[in-house]
Amino acid sequence: MSKLVTIIGGSGFVGRYVARRMAKAGWRVRVACRRPNEALFVRPYGAVGQVEPIFCNIRSDASVAAAISGADAVVNCVGILAESGKNRFDSIQAEGAGRVARLAAAEGVERLVQISAIGADAGSPSAYGRSKAAGEAAVSAAFPSAVILRPSIIFGPEDEFFNRFASMSRFGPVLPIVGAETRFQPVFVEDVAAAAAQAVLTEVPAGIYELGGPEVMTFREMMALMLKTINRRRAVVEMPGAVAGLMAGVLDGLQGATGGLLANKTLTRDQLKNLARDNVVSPGAKGFEAFGIAPHSAGSILPAYLWRFRPSGQYDAIKASAKNLRA
């Protein structure tokens, strides 16, 4: 019988790509998520019955234990960018990651891969960064042979970064941003998934690997690349710190006052703290070279999915070409 991998958060942005790669490698795949009925799209990644979505709540020992029962490998892709309701940074990214590692060790799982983030730092000013670091420490303590992947900002067809700002650019001449000079190393989701799959399929040494694309760009430079890709001219304007802080505070306050009914998906105070720090691979850190992967640049991938934000969508290039025709 083929081996079994449980991918916790397997229907999410990164998890679905890991699931597809593991299915292609011939493994049986459990896609563990909170809403399995909304994750049926993963089934065609493999043969009939090879890929199955199942329920899992990373905050529950019993739920996680059931999800990883009998698994040969586990990949934990669960993470949040902002807190909402019961989903707090500590409960998901610290306690949840530790829970997965502890129960995987008890189950006798052979390989564990934890998706973390370059921002993981016990001394980070943001709760997000501290919780990621706490999760890594818990994973390493419970499952010493775990492979921990720290990607920079991840892009791809379902991303909430380039897609979000490309959508915003359609509604006015100005594109406001925060942390314009903060540096990032955008990494393609397929490359992150390839590293995660290799960590399961091959004898990758335990430890932390920082994953960044081939280019280091400031936030402003990434927006310039995005605007060039979608053929729109917009003024990229950095929002003053005081204004950004006031806006984040008001939006966080509204979320708290409404019990999460008005969730802050725009800008939180914690995100402001993250945007004040560079998000690039550390000097000397192990990275994609350890997996034999040559990461893709953002410029080579963005046109494949951002075309829909061009003024004329898929016909933009055709219309531009038609203007050059002479009667």
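Just so it is clear, the structure is predicted and the values come from calculations on it, not from any experiment. (Residues numbered from 1 in each chain as written. Predicted model: local features only at pLDDT ≥ 70, side-chain atom pairs only at ≥ 80, totals over all residues. Heavy atoms only, no water.)

## Side note on the packing of aromatic side chains
Given two aromatic rings, one states the distance between the centres and the angle between the planes to describe the pair. For the structure shown, the criterion picks out ten aromatic pairs. Centre to centre, the rings of F161 and F162 are 4.9 Å apart; their planes meet at 75°, and the pair counts as edge-to-face. For the pair shown, F161 and F162 are each scored as buried. Ring geometry for F165 and F219: centres 5.5 Å apart, planes at 90°, overall edge-to-face. You can see F165 sitting in helix 5 (residues 162–168) and its partner F219 sitting in helix 7 (residues 219–229), a full 54 residues away along the chain. With relative accessibility at 4%, the residue F219 sits in the buried group. A network of ring pairs unites the aromatic residues F155, F161, F162, F165, F184, F188 and F219 as a single cluster. For the cation-ring pair, K286 lies above Y209, with the distance from its terminal atom to the ring centre recorded as 4.4 Å. (Phe/Tyr/Trp six-rings, centres within 6.5 Å; stacked < 30°, edge-to-face > 60°. Buried < 20%, exposed > 50% of the residue type's maximum accessible area, 1.4 Å probe, protein only. Helix = DSSP H or I, 4+ residues; strand = E, 2+ residues; numbered from the N terminus. Lys NZ or Arg CZ within 6 Å of the ring centre and 35° of its normal.)

## Brief notes about the pattern of salt bridges
Counted under the stated rule, the structure contains 13 salt bridges. The salt bridge involving K3 is made with E110; its shortest N-O contact spans 3.4 Å. Residue K3 is located in the segment before strand 1 (4–8), and its partner E110 is located in the loop between helix 3 (89–107) and strand 5 (111–115); the two are separated by 107 residues in the primary sequence. What makes K3 partly exposed here is its relative accessible area of 38%. For E110, a relative accessible area of 45% corresponds to the partly exposed category. E181 is paired through a salt bridge with R220; the nearest N and O atoms lie 3.1 Å apart. (Salt bridge = Lys/Arg side-chain N within 4 Å of Asp/Glu carboxyl O.)

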